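A look at the structure
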Amino acid sequence: MKNNIVLIGMPGVGKSTLGVVLAKQLGYEFVDADLLIQKRENCLLKEIIASKGVEGFLEIENEVNASICADKTVIATGGSVIYGKEAMAHLKEIGTVVYLKLDFDTLDGRLGSLKGRGVVLKDGQDLKSLYQERVPLYQQYADIIVDEGGLDLESTLKEVISKLS
């Protein structure tokens, strides 16, 4: 049954912020997948990446997201969830996948330092190359795409709700 809403997109697009407000508006539960990962591993995302490496982190993220059981829930995923084939297959099965899209320059202005955010970066990778690598994957998995360019939280919320109905 697909009565969940799964938010995907780059770090900094507001998946968690929008997710909480969207869940309240719809009378849904809210789950932040990054918090589920931190709870399972008992440490912060950046600490998991530091200790287990990028590949180790992605394996954990894939397992956690592939095992989410939810009903009438808005699920905010981590930006790297799209690397997990099992996770994405599961999330598409249980929910409508909404890609929160933001242009690179706006995103770059919002993010500041990526290191402190627990963002999965391969050696030598910067935000621009990460963005270019991920955007096609977000588009591939999305059931709905909402372009947040120039929209505030309230407008993005209205846009998501109108596309869901």
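Here we summarise the structure given alongside this text.

What counts and what doesn't
- Residues numbered from 1 in each chain as written.
- Predicted model: local features only at pLDDT ≥ 70, side-chain atom pairs only at ≥ 80, totals over all residues.
- Heavy atoms only, no water.
- Buried < 20%, exposed > 50% of the residue type's maximum accessible area, 1.4 Å probe, protein only.
- Helix = DSSP H or I, 4+ residues; strand = E, 2+ residues; numbered from the N terminus.
- Arc of directions from axis to C-beta.
- Contact = heavy atoms within 4.5 Å.
- Polar contact = N/O pair within 3.5 Å; in protein donor to acceptor, adjacent residues only side chain to side chain.
- Pairing = 2+ DSSP bridges.

Moving on, we come to helix α5 (residues 104-111). If you check which residues of α5 are buried, you get F104, L107 and L111. What you see down the axis of α5 is that its buried residues fit within an arc of 65°, all on one side. Of the exposed residues in α5, those oriented more than 90 degrees away from the buried face are D105 and G109. Elements in contact with the buried residues of α5: α6 (127-141). Backbone nitrogen of D105 and a side-chain oxygen of the N-cap are separated by 3.3 Å at the start of α5; the cap is D103.

Right, let's talk about the pairing of strand β3 (residues 73-76) for a bit. Burial of β3 is two-sided: the residues T73 and I75 facing one way and the residues V74 and A76 facing the other way are all buried. Where strand β1 (residues 4-8) meets β3, three bridges bridge the pair, whose relative direction is parallel. When the bridges of β3 are listed, L7 appears paired with A76. Alignment of strand β2 (residues 29-32) against β3, held across four bridges, turns out to be parallel. For E29, the partnering residue across the bridge sits in β3 and is T73.

Once that is clear, we can look at unusual backbone geometry. Positive phi values are uncommon outside glycine, yet N42 reaches one of about 60°. On the basis of relative accessible area, N42 is assigned to the exposed category, the value being 70%. You will see that K72, though not glycine, has its phi angle at about 50°, which is positive. Considering the arrangement of structural elements, one finds K72 in the loop between α3 (45-66) and β3. For K72, a relative accessible area of 45% gives the class partly exposed.

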